[in-house]
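# An overview of the molecular structure
Spelled out from the first residue to the last, the chains are:
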Amino acid sequence: MLLGGVGIPTGVSVAIGTIAALTWLNPHVYLDTVVLLGTISTRFTEDRDAFAAGAVTGSFLFFFALGYGAAWLRPVFANPTAWRILEAVIAV
């Protein structure tokens, strides 16, 4: 297995350690999940299960779309001009 496709050999333990670090050391995990969703969820005391199911479904759909969207747009962003256009749009 190659780390980031740059030719550094890795094993399963390195890959799992990287996944764990990206998950648990990411401050947005705590800000988004605990603070934001935790605060919003207090409004839905009677529909707690429906809120949880909606949050889980929304998260799954977002990351699923992110992964497949990245694969779908990979040929587009192989062109450096596409990156310049994207960065200009972000800057505006």
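Small disclaimer: the values here were computed from a predicted structure and weren't measured. Once a new chain begins, its residue numbering starts again from 1 and follows that chain's sequence as written. Reporting in this predicted model follows two pLDDT cut-offs: at least 70 for local features of residues, and 80 or more for side-chain atom pairs to be given and counted; totals over whole chains, interfaces and linings ignore these cut-offs and use all residues. Hydrogens and water molecules were not included; the side-chain quantities draw on all heavy atoms of the structure.

### As for the overall build of the chain
Note on conventions: DSSP H or I runs of at least 4 residues are helices, E runs of at least 2 residues are strands, and numbering of each starts at the N terminus. Helix and strand counts for the chain come out as four helices and zero strands. We compute the radius of gyration from the C-alpha atoms alone; for a globule the expected value is 2.2 Å times N to the 0.38, where N is the number of residues. Whereas a compact globule of 92 residues would reach a radius of gyration of roughly 12 Å, the chain reaches 18 Å, over 25% beyond that. Seen through its principal axes, the chain has C-alpha atoms that stretch 50 × 40 × 20 Å. Throughout, exposure labels follow a simple rule: accessible area from a 1.4 Å probe, protein chains only, divided by the maximum for the residue type, with under 20% read as buried, over 50% as exposed, and the rest as partly exposed. Buried positions account for 2% of the 92 residues belonging to the chain. When the 4 basic and 5 acidic side-chain charges of the chain are each reduced to a single mean position, those positions are 13 Å apart. For the charge count, each Lys or Arg is scored as positive and each Asp or Glu as negative, with His and the chain ends excluded. Each charge is placed at NZ for Lys, CZ for Arg, CG for Asp and CD for Glu.

### Let's talk about the confidence of the model for the chain
The quantity called pLDDT is the predictor's confidence in a given residue, expressed from 0 to 100. On average, residues of the chain carry a pLDDT of 86, and 90% of them reach 70 or more. Per-element confidence in the chain ranges from a low mean pLDDT of 84 for helix α2 (residues 27–41) to a high of 95 for helix α4 (residues 80–91).

### As for the layout of surface pockets
As a volume, the largest pocket reaches approximately 250 Å³. At the level of elements, α2 and α3 (48–73) are the ones that each hand at least two residues to the lining of the largest pocket. Residue classes in the lining of the largest pocket are distributed as seven nonpolar, three polar and one charged. Here the term cavity refers to a set of points on a 1 Å grid, laid over the protein atoms alone, in which a 1.4 Å probe fits but cannot get out; the term pocket refers to an open set having protein on both sides within 12 Å along at least five of seven lines, with lining residues being those that place an atom within 4 Å of a point. Grid points are joined across faces, edges and corners, and a volume is the space filled by probe spheres set on the points. Residues are grouped as follows: Ala, Val, Leu, Ile, Met, Phe, Trp, Tyr, Cys and Pro are nonpolar; Asp, Glu, Lys and Arg are charged; all remaining types, including Gly, are polar.

### Observations regarding a nonpolar patch on the surface
Grouping into patches uses exposed residues only, defined as over 30% relative accessible area, and leaves out salt-bridged ones; the cut-off is 9 Å for like charges and 5 Å for nonpolar side chains (Val, Leu, Ile, Met, Phe, Trp, Tyr). Per-residue and other accessible areas were derived by the Shrake-Rupley procedure at a 1.4 Å probe size, with only the shown protein chains allowed to occlude residues. Within this document, salt bridges are pairs made up of a side-chain nitrogen of Lys or Arg and a carboxyl oxygen of Asp or Glu, the two lying within 4 Å of each other. On the surface, W24, Y30, L31, V34 and V35 cluster together into a nonpolar patch covering about 530 Å² of accessible area. Per element, the largest residue contribution to the nonpolar patch is four residues, and it comes from α2. You can see Y30 is positioned in helix α2. On the accessibility criterion, Y30 (38% relative accessible area) is partly exposed.

### Let's talk about the packing of aromatic side chains
Any pair of Phe, Tyr and Trp rings, taking the six-membered ring for Trp, is counted once the centres come within 6.5 Å. Such a pair is stacked with planes under 30 degrees apart, edge-to-face with planes over 60 apart, and tilted for the rest. Summed over the entire model, instances satisfying the criterion amount to five aromatic pairs. Ring geometry for F64 versus Y68: centroids 4.8 Å apart, planes at 45°, classification tilted. Of this pair, F64 and Y68 both sit in helix α3, four residues apart, which is roughly one turn of that helix. Judged by relative accessible area, which is 56%, Y68 ranks as exposed. Measuring from ring centre to ring centre gives 4.8 Å for F77 and W83, while their planes differ by 50°; the resulting arrangement is tilted. Each residue in the set F60, F64 and Y68 is aromatic and connected to the rest through ring pairs, giving one cluster.

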